[in-house]
Amino acid sequence: MGKRYYQEDMETASYDLMYRIQTERLAKTVKHAYDHVAPYRAKMKAKGVEPGDIKSPEDLKKLPFLSKDDLRDEYPYGYLAKPLSDCVRIQSTSGTTGKRVVAFYTQADIDLWDECCARAIVAVGGTNEDVVHVSYGYGLFTGGPGLNGGSHKVGSLTLPMSSGNTDRQIQFMTDLGSTILCCTPSYAAFLAENINNAGLRDQIKLKAGIFGAEAWSEEMRRDIERNLGIRAYDIYGLTEISGPGVSFECEEQTGMHVNEDHFIAEIIDPETEEVLPLGSKGELVFSCITKEAFPLLRYRTRDICVLTRDACSCGRTLVKMHKPMGRSDDMLIIRGVNVFPSQIETVLLGQGYPANYQIIVDRVNYTDTFEVQVEMTTEMFSDEVKKVAQREKDLLTALKSMLGISPKVTLVSPRTIARSEGKAVRVIDKRKI
Amino acid sequence: MTIDQISVFVENKPGRLAGITELLSGANVDIRALSIADTADFGILRIIVNEPVVALEALKAAGIAVSVTQVLAVAIEDVPGSLAKALRILSDAGVSVEYAYAFITRNADVAYVIFRVEDTERATEIFAEHGIKTASPQEVYDI
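Residues numbered from 1 in each chain as written. Chains lettered and ligands numbered in written order. Predicted model: local features only at pLDDT ≥ 70, side-chain atom pairs only at ≥ 80, totals over all residues.

Time to look at the overall build of chain B. Secondary structure summary: chain B contains five helices and six strands in total. Counted from the first residue to the last, chain B has its helices and strands arranged as β-α-β-β-α-β-α-β-β-α-α. The C-alpha radius of gyration of chain B comes to 16 Å, within 12% of the 15 Å expected for a compact globule of 143 residues. Considered along the principal axes of its C-alpha atoms, chain B spans approximately 45 × 30 × 25 Å. Going through the 143 residues of chain B one by one, you find that 32% of them count as buried. (Helix = DSSP H or I, 4+ residues; strand = E, 2+ residues; numbered from the N terminus. Rg over C-alpha atoms; globule rule 2.2 N^0.38 Å. Buried ≥ 20, exposed ≤ 12 C-beta atoms within 10 Å, placed from the backbone.)

A count of helices and strands for chain A gives eleven helices and 22 strands. On C-alpha atoms alone, chain A measures out to a radius of gyration of 23 Å, which is about the 22 Å that the 2.2 N^0.38 rule sets for 433 residues. Counting over 433 residues, chain A shows a buried share of 46%. Relative to all contacts within chain A whose residues are 6 or more apart in sequence, the contacts with residues 24 or more apart total 67%. (Contact = placed C-beta atoms within 7 Å.)

Residues and elements named next belong to chain A. Of all five residues that make up strand E6 (residues 208-212), five are buried, and the element is covered over most of its length. Side-chain alternation along E6 places Ala-208, Ile-210 and Gly-212 on one buried face and Gly-209 and Phe-211 on a second face that is also buried. Note that strand E5 (residues 180-183) and E6 share four bridges and pair parallel. The residue of E6 that forms the bridge with Cys-183 is Phe-211. For the handedness criterion, the β-α-β arrangement of E5, helix H8 (residues 185-197) and E6 is classed as right-handed. Bridge count for E6 against strand E7 (residues 231-237) is five bridges, and the pairing is parallel. Considered in E7, the bridge of Phe-211 is made with Asp-234. In the classification by handedness, the crossover that spans E6, the intervening helix H9 (residues 218-228) and the parallel E7 is right-handed. (Pairing = 2+ DSSP bridges. Right-handed = clockwise from strand over helix to strand, strands pointing away.)

Ranked by internal contacts, the top residues of the largest apolar core, which has 94 residues, are A:Ala120, A:Ile121, A:Cys182, A:Ala188, A:Ile210, A:Ala265 and A:Phe286. Here this core takes ten residues from helix H5 (residues 107-123) of chain A, the largest share from any one element. Listed in part, the 61 residues of the second largest apolar core include A:Tyr353, B:Phe42, B:Ile44 and B:Ile64. (Core = buried A, V, L, I, M, F, W, Y, C linked by C-beta atoms within 7 Å.)

Moving on, we come to the environment of A:His133. Residue and element names in this part refer to chain A. For His-133, the location among the structural elements is in strand E3 (residues 131-134). A C-alpha to C-alpha distance of 9.3 Å links His-133 and Leu-206, two positions 73 residues apart in sequence. If we skip the residues at most four places from it in the chain, His-133 touches Leu-159, Met-161, Met-173, Ser-178, Ile-180, Leu-181 and Cys-182.

This paragraph deals with the domain arrangement of chain A. The accessible area lost on association of the parts is a frequent measure of interface size. All names here are of chain A. According to the domain assignment, chain A consists of domain 1 (8-328) and domain 2 (333-429). Look at where the C-alpha atoms of domain 1 and domain 2 centre, and you get two points 32 Å apart. Across the contact, 14 residues belong to domain 1 and 13 residues belong to domain 2. Looking at the side of domain 1 that touches domain 2 element by element, the count peaks at three residues for H8. Partitioned by chemical class, the residues of the side of domain 1 that touches domain 2 number five nonpolar, seven polar and two charged. (Domains from an automatic or database assignment. Nonpolar A, V, L, I, M, F, W, Y, C, P; charged D, E, K, R; others polar.)

Here we take up the packing of H5(A) against helix H6 (residues 143-154) of chain A. Two numbers describe a pair of packed helices, the interaxial angle and the distance between the axes. Residues and elements named next belong to chain A. At a minimum axis separation of 7 Å, H5 and H6 run at an interaxial angle of 75°. Judged by the inter-axis angle, H5 sits roughly perpendicular to H6. Here H5 contributes Ile-110, Trp-113, Asp-114, Glu-115, Cys-117, Ala-118, Ala-120, Ile-121 and Val-122 to the contact with H6, which in turn contributes Gly-146, Leu-147, Gly-149, Gly-150, Ser-151, His-152, Lys-153 and Val-154. Each residue belonging to the contact of H5 with H6 can be placed in one class, and the counts come to nine nonpolar, five polar and three charged. (Axes fitted to C-alpha atoms, helices over the stretch in contact; angles between N-to-C directions. Parallel < 35°, antiparallel > 145°, perpendicular 65-115°, else oblique.)

Before going further, it helps to examine the sheet that holds strand E19 (residues 408-412) of chain A. Residues and elements named next belong to chain A. Here four strands make up an open sheet; going across it, the order is E19-E18-E17-E22 and the pairing mixed. Both outer strands of the open sheet, E19 and strand E22 (427-429), are each paired with one neighbouring strand and no more. Across this sheet, the average inter-strand angle for adjacent strands is 20°, counted without regard to direction. Two elements, strand E17 (residues 357-364) and E22, share three bridges in a ladder whose sense is parallel. Bridge pairing links Val-361 to Asp-429 in E22. Relative to the sheet, helix H10 (residues 341-350) contacts E17, strand E18 (367-375) and E22, its axis offset from that of E17 by approximately 130°.

As a further point, take the interface of chain B and chain A. Contacts between the two partners involve 15 residues from chain B, matched on the other side by 15 residues from chain A. Those elements that provide at least two residues to the side of chain B that touches chain A are strand E1 (2-11), strand E3 (42-49) and strand E4 (66-77) of chain B. Residue classes in the side of chain B that touches chain A are distributed as seven nonpolar, five polar and three charged.

Let us now look at helix H3 (residues 38-46) of chain A. Residues and elements named next belong to chain A. Burial in H3 covers these residues: Tyr-40, Lys-43 and Met-44. Axial view of H3: buried residues confined to an arc of 100°, hence all on one face. For H3, the exposed residues lying more than 90 degrees away from the buried face are Ala-38, Ala-42, Lys-45 and Ala-46. On its buried side, H3 packs onto helix H2 (15-36). After H3 finishes, the residue Gly-48 shows a positive phi value of roughly 70°. (Arc of directions from axis to C-beta.)

This part is about the domain arrangement of chain B. Residues and elements named next belong to chain B. Taken domain by domain, chain B comprises domain 1 (2-69) and domain 2 (70-141). Of note, the centres of domain 1 and domain 2, computed from C-alpha atoms alone, are 22 Å apart. In this assembly, eleven residues from domain 1 lie in contact with 14 residues from domain 2. Contributions of two or more residues to the side of domain 1 that touches domain 2 are made by E1 and strand E2 (31-38). Considering only residue class, the side of domain 1 that touches domain 2 consists of four nonpolar, five polar and two charged.

Attention now moves to the sheet that holds E2(B). Residue and element names in this part refer to chain B. Here six strands make up an open sheet; going across it, the order is E2-E3-E1-E4-E6-E5 and the pairing antiparallel. This sheet does not close on itself; its edge strands, each paired only once, are E2 and strand E5 (97-104). Across this sheet, the average inter-strand angle for adjacent strands is 30°, counted without regard to direction. For E1 and E3, the ladder comprises six bridges, and the chain directions are antiparallel. Following the sheet pairing, Ile-6 is matched in E3 by Ile-47. Here helix H4 (residues 120-129) sits on the sheet and contacts E1, E4 and strand E6 (110-117); the angle it forms with E4, its principal contact strand, is near 10°.

Encoded structure:
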């Protein structure tokens, strides 16, 4: 049995100690943001708040909120709080044109992010004896780099597999004896199916998995655990705040501990923006209190969830967030990729189709299916099959390039997409998560 | 001489074709010939009717995606080899056929072939040179 914690002093800090740490770090970060991030300074001024007004975590509620739109409006450097010469990395959200958000990191920011991921790995039993198999995508997506960095900090042997090429994944897993798998839950389920179909279950040494970047159910967790003979843990994060490891699950598997010495979590009513007490369901908001390059304060995640601070059997005192239960905006997360209906609308109009469409998302065998139904019009119709097929293909290419994933496009009869109260139902999400 | 063929977008869903033909029947339109091209995702219904204008209006009014295509109707002898002969004539002249469909009539001696070709004018000339008459719209609509 290895270490139970990666940074025990922080992970098991008393409430008073954590409060003092948060107070000090918050004040410092607010001043840093005010001094170096012009758009945030303007927001604070507009709200009549000065850095000196923020004396404790309770004062957070005086600060203005930030949204993805704010970041997009100031793309790319508006919320950068350090000279570029101090930055060593960027990462970016999975959204594409018009929705892209670029986050900057100093070396210290990378270190704290890696440490957060290291905590997650140690929490699932990871040590320097482990072989950590990272099948999250590497690149702009934070999944691969985050867990990779965490694994290095723990001293585990890190396999930077990235996503895809399932045969090779399984071969490395068996040949090199991977013990901890990090990927999206749907890919874990897919790997499990392939491993079992190939009859290789007794040749893998996996003991645990850290699965995040998309919503998954308890039922799916049990299935993956049973099919791989492992314990499966959730992890949460977002690029704007750092990446995976903002919160992580422990052996109790009843929610994710927020690394609150780095990120202060609040739950607000998404409509009134009023802060809600622990235990209430609302929108999750994070404030970074240690970051240098991209110190976002009161960033609205749009994830709906609950925070609780009950004693945990793992000994960690960090506040727990429950699995997000939905979104307060219209963003869909499909196969780990952020998709906004407005992006699809933009493509349709650009290709000459009417902006009347329907997105149908479902989950079959733990993999998201994604269909876009588009109404055919007399203008887009042709007697020639190849012309219609070519237009359909062009649409698919444009959608893929905009979204980063390929939907199935179905052409339907004009005026057949269901409308309720004059307003079309744009999204049908049949996934039961 | 070309005739009007109405092409209709048909979503791949049970009942779509029934709905379209019911609509035509409601407009008192008689279908002379019909062909369906299908792909994995959708179908295209191609019809020759007695009243193309009426049919077109009825389909458009119902919000159905339609288009009108000029096709050639050729009356050939209903005996083995006639179609092959017609196709050979086009082929020898280098006119390619996009699609074709045929139907017989109550007149036992004659069959009609509907041709959609790349170059309709050229095909008409070629047929005329070989003594094959392309049918007039009224001749086909009134069958």
